[in-house]
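# Fold and contact review
Residues per chain are reported as follows:
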Amino acid sequence: ISAGFDFVTRGYVTVYFMDKEKLKGLEQRNLLEQWKQSLPSRDFISITTSGPVRVGMSVGSQPVGVSPQDNTGPTLGMSFDNAGGGKIRKINSVGLYLPKGLFIKDVNGLVDVAQKISCADIPDEKDCDDDAIEVYSITLPREGVELVSLRIHTLINDYGALVGSGATSVGKKMWAMVLYEYELEKEKSFSIRVPVTM
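Calculation rules
Residues numbered from 1 in each chain as written. Predicted model: local features only at pLDDT ≥ 70, side-chain atom pairs only at ≥ 80, totals over all residues. Heavy atoms only, no water. Pairing = 2+ DSSP bridges. Helix = DSSP H or I, 4+ residues; strand = E, 2+ residues; numbered from the N terminus. Disulfide = S-S within 2.5 Å. Buried < 20%, exposed > 50% of the residue type's maximum accessible area, 1.4 Å probe, protein only. Phe/Tyr/Trp six-rings, centres within 6.5 Å; stacked < 30°, edge-to-face > 60°. Polar contact = N/O pair within 3.5 Å; in protein donor to acceptor, adjacent residues only side chain to side chain. Contact = heavy atoms within 4.5 Å.

### Some words on the pairing of strand β12 (residues 172–185)
Note: strand β1 (residues 2–15) against β12, 14 bridges, orientation antiparallel. Looking at β12, one finds that T9 is bridged to V178. Here strand β7 (residues 87–99) runs beside β12; their pairing, made up of nine bridges, is antiparallel. Paired with K90 across the two strands is E181, which belongs to β12.

This is the structure:
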């Protein structure tokens, strides 16, 4: 017995950006841990919705140091892990929502798999705002996978949008929405008794 169905799983991670010189100053004065403890989301762990696939996201060590002179952004690691009792038949698409100021350079070294789109291209997406986020559609032509790992290299095109103008750093969310086909299978043995005729 087998059943296949389409499913959507979302995940996000909160990322804090800080000017590299300010970050260096906190490290030199041993105040970085104190700064981290003052944050509402100091664990920096990714959150995923329930479903047969878990979405993991990380940018490594936080806060992420950025500079007005450097356009290299953080590398976002993303994984889709099979957490259900079936198997991932196909990943149809991955939507990635980055904070304003970042854009994708490549995905696993490939520059042609990520396409910039607008919120209008996403059906039934009410909270999407092109003025606040950059939206990308990532195509993965792979089938029958149990674990997918992506390394998404980013570039900075607006330092001020990431760091902000206030003294307090504000967390920026990076969202992912994964559309995939999932299959459940169950084996069952049946015994058939032949009726005895007299």
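### Section: the state of the cysteines
Scanning the entire structure with this criterion turns up one disulfide. One disulfide bridge connects C119 with C128, the sulfur atoms lying 1.9 Å from each other. Taking the torsion about the sulfur-sulfur bond, which here is approximately -65 degrees, the covalent link between C119 and C128 counts as left-handed. The exposure class of C119 is buried, given its relative accessible area of 11%. According to the relative accessible area criterion, C128 is buried, its value standing at 15%.

### Quick notes on the packing of aromatic side chains
Scanning the entire structure with this criterion turns up seven aromatic pairs. Taking 5.9 Å as the distance between ring centres and 45 degrees as the angle between the ring planes, the aromatic pair formed by F5 and Y182 counts as tilted. Linking F5 in strand β1 with Y182 in strand β12, this pair joins segments that are 177 residues apart in sequence.

### Some words on the side chain of Q62
Tracing the sequence through the fold places Q62 in the loop between β4 (53–58) and β5 (64–66). At a separation of 2.7 Å, a polar atom in the side chain of Q62 contacts the main-chain amide nitrogen of Y16. Once residues lying within four places of it in the same chain are set aside, the contact partners of Q62 are T14, V15, Y16, K36 and F44.

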